[in-house]
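Residue strings, one per chain:
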Amino acid sequence: MSKLKRKSINKRNRIRLSAAFIACIVVVLFCVIMSLLSLSGAADPLGDYLNRITGNEPFMLGAMKYPLSVHFIDVGCGDSIFISAEGKNILIDTGKYSLDGRTAQYLKKTGADHIDLFVATHTDSDHIGDFSSVAGAFRIDKIWLSDFCKKPEEKQSEDEKIFYTEIKNRKIKLLSPETGIYDFGSFSIEVLSPTEPSEEDNDNSLVLRLVYGDVSFLFTGDAGKKIENKLVKDSGNIRSDILKAGHHGSNGSTTAEFLKAVSPSVTVISAGEENNALPNRNCIDRIKQSGSDILRTDIDGTVIITYDGKELSCIKEKPSADE
């Protein structure tokens, strides 16, 4: 092979390598820019436009046409529940910290533009860890947190310190609701617990019962059987169509006696694949024996219960093959 021909081949190879290198750099820069835009929300209008023209609308938008929709957001082994009821937006917990602000991103896709009430059932990281992302993306009018959950600064986790700093910096009203019924116009929320402080942090969780027309939902945070027994004994009517199982389906919650008193048609368990100890097998068996159906965020993805004024229905992010 002549020197001239060899030089020509070497030159073409260098050009190809340079072009490939430049293409890689462009792809990496594009991905970085799109990630930053996504985190900031600046790319949302483009995403919405692409969804409209392709017909690939986010699955939760179908639920937003109902007067009531309750979204048990898949945040892994944590809790985050979004309630949309005739223009009112309530968020219960945020799940743990996530780099992409998972709960905030979900709320944006629903079309929500504010939060009337944020409820921190308690201050464990898997319940308030992603609060800064939500507070950075939405106006929050007020927050409920039991006084029994508040700790001195030296005993606060990093997530708790961030939580309180966000509240202070954004001048959000922080309230400690007493037990009783709170009217929100088309629906009401009853605060059932806590009534006294507990040494067990989980048992200081706010326990709430939402009533909308003829349907009711019971949200138990991480409360355990001690609180459940107290609710059965002292709280009168706690029957609810939908139950959020306590403490991600642990064996220390959702007792047979409690299930009998609540008598839910559906029990939702918020759990994650990263914690294979939850939900507990015994807890699942108790729920099945009670006659309640079970929905699980670790299997079904985000679960949405809707109400049209006559009947409840369900939308699952990951429907099974026979649905």
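Just above sits the structure.
Residues numbered from 1 in each chain as written. Predicted model: local features only at pLDDT ≥ 70, side-chain atom pairs only at ≥ 80, totals over all residues. Heavy atoms only, no water.

**Focus: the overall build of the protein**
Applicable threshold: Secondary structure follows DSSP: runs of H or I at least 4 residues long count as helices, runs of E at least 2 residues long count as strands, and numbering of each begins at the N terminus. Think of it in three bands: residues with accessible area under 20% of the maximum for their type are buried, residues over 50% are exposed, and the middle band is partly exposed, with areas taken using a 1.4 Å probe on protein chains only. Residue contacts follow a heavy-atom distance rule, with two residues in contact if any of their heavy atoms lie within 4.5 Å. Every accessible area reported is derived by Shrake-Rupley at a probe size of 1.4 Å, with residue values counting cover from the shown protein chains alone.
Counting secondary structure elements, the protein contains ten helices and 17 strands. Per-residue burial over the protein gives 46% buried out of 323 residues. Across the protein, contacts joining residues at least 24 apart in sequence account for 64% of those joining residues at least 6 apart. When the accessible surface of the protein is summed, it comes to about 16600 Å², and 53% of that surface belongs to carbon and sulfur atoms.

**Things to note about the pairing of strand β17 (residues 312-316)**
Put simply, the test is: Following DSSP output, two strands are said to pair if at least two bridges run between them.
When strand β16 (residues 303-307) meets β17, the two strands line up antiparallel, connected through five bridges. Counterpart to I304 in the pairing with β17 is I315.

**A closer look at empty space enclosed by the protein**
Unoccupied space between atoms shows up once a probe the size of one water molecule is rolled over them. Applied cut-off: Buriedness of a pocket was judged along seven lines, with at least five required to meet protein on both sides within 12 Å; pockets are open sets of points on a 1 Å grid over the protein atoms alone, cavities are sets where a 1.4 Å probe fits but cannot get out, and lining residues have an atom within 4 Å of a point. Grid points are joined across faces, edges and corners, and a volume is the space filled by probe spheres set on the points. Here the nonpolar group is Ala, Val, Leu, Ile, Met, Phe, Trp, Tyr, Cys and Pro; Asp, Glu, Lys and Arg are the charged ones; every other residue, Gly included, is treated as polar.
Applying the stated rule across the entire model yields one cavity of 30 Å³ or more. Size it by volume and the largest cavity reaches roughly 30 Å³. Lining of the largest cavity is provided by I128, G129, F131, S132, D159, I162 and F163. Contributing elements (two or more residues each) for the lining of the largest cavity: α5 (131-137) and α6 (158-169). With three residues, α6 is the largest single contributor of residues to the lining of the largest cavity. Class assignment for the residues of the lining of the largest cavity results in four nonpolar, two polar and one charged.

**Topic: the environment of Q105**
When you line up the elements, Q105 lands in helix α3 (residues 102-110). Classification of Q105 as buried rests on a relative accessible area of 15%. Along the primary structure Q105 and V134 are separated by 29 residues, whereas in three dimensions their C-alpha atoms are 8.5 Å apart.

**A word on the side chain of D300**
Selection criterion: Each polar contact in these results corresponds to two N or O atoms within 3.5 Å; when the atoms are within protein, one needs to be able to donate a hydrogen and the other to accept it, and residues that are neighboring in sequence are counted only if both atoms are side-chain atoms.
Relative to the elements of secondary structure, D300 occurs in helix α10 (residues 297-300). Take D300: its relative accessible area is 8%, and that puts it in the buried class. In this structure the side chain of D300 is engaged in a polar contact, spanning 3.5 Å, whose partner is the side chain of K316. When neighbours within four sequence positions are excluded, D300 is seen to be in contact with L295, K316, E317 and K318.

**A short note on the pattern of salt bridges**
The criterion, for reference: Definition used for salt bridges: Asp or Glu carboxyl oxygen within 4 Å of a side-chain nitrogen of Lys or Arg.
In the structure shown here, the tally under the stated rule is twelve salt bridges. Its salt-bridge partner being D147, residue K150 comes within 2.9 Å of it at the nearest N-O pair.

**A short note on α6**
Note the following rule: Helix span is expected to be 1.5 Å times the residue number reduced by one.
The terminal C-alpha atoms of α6, which comprises twelve residues, lie 16 Å apart, in line with the 16 Å expected from a rise of 1.5 Å per residue. Here the buried face of α6 lies against β5 (117-119), α4 (125-128), α5, β7 (142-144) and β8 (173-175). Two residues or fewer past α6, K171 is found with a positive phi of approximately 55°.

**A word on unusual backbone geometry**
In this model, S193 is joined to P194 through a cis peptide bond whose omega is 5°. Mapped onto the elements, P194 comes out in the loop between β10 (188-193) and β11 (207-212). P279 follows L278 through a cis peptide bond whose omega is 0°. By secondary structure assignment, the location of P279 is in the loop between β14 (266-269) and α9 (281-290). For H247, which is not glycine, the phi torsion reads 50° and is therefore positive. Looking at where H247 falls in the secondary structure, it is placed in the loop between β13 (242-244) and α8 (256-262). Here the phi dihedral of H248 falls at roughly 60°; this positive angle occurs in a residue that is not glycine. Within the secondary structure, H248 is located in the loop between β13 and α8.

**A closer look at the nonpolar core**
Nonpolar side chains in soluble globular proteins tend to end up buried together. Formally: Put simply, buried Ala, Val, Leu, Ile, Met, Phe, Trp, Tyr and Cys residues joined by side-chain atoms within 4.5 Å make one nonpolar core.
Core analysis: the largest hydrophobic core is formed by 29 residues, its most contacted members being L68 and F219. If you look at the next biggest cluster of nonpolar residues, it comprises 27 residues, including V75, A104, A112 and I172.

**Some thoughts on the sheet that holds β14**
Note the cut-off: As a rule, the C-alpha atoms of each element are fitted with a line to give its axis, helices using only the stretch in contact, and angles between N-to-C directions run from 0 to 180 degrees.
With respect to topology, seven strands assemble into an open sheet ordered β9-β10-β11-β12-β13-β14-β15, the strand pairing being mixed. Sheet topology places β9 (180-183) and β15 (293-296) at the edges, where each strand pairs with a single neighbour. Across the sheet, the mean angle separating the axes of adjacent strands is 20° when strand polarity is ignored. Pairing between β9 and β10: four bridges, direction antiparallel. The residue bridging I181 from the neighbouring strand is E190, located in β10. Strand contacts of α9: β14 and β15, with the helix running at about 140° to β15, the strand carrying the most contacts.

**Digging into the sheet that holds β5**
The sheet built from eight strands is open, its strands ordered β8-β7-β5-β3-β2-β1-β16-β17 with mixed pairing. At either margin of the open sheet sits one strand with a lone partner, and together these are β8 and β17. Mean inter-strand twist for the sheet, computed between neighbouring axes without regard to direction, equals 20°.

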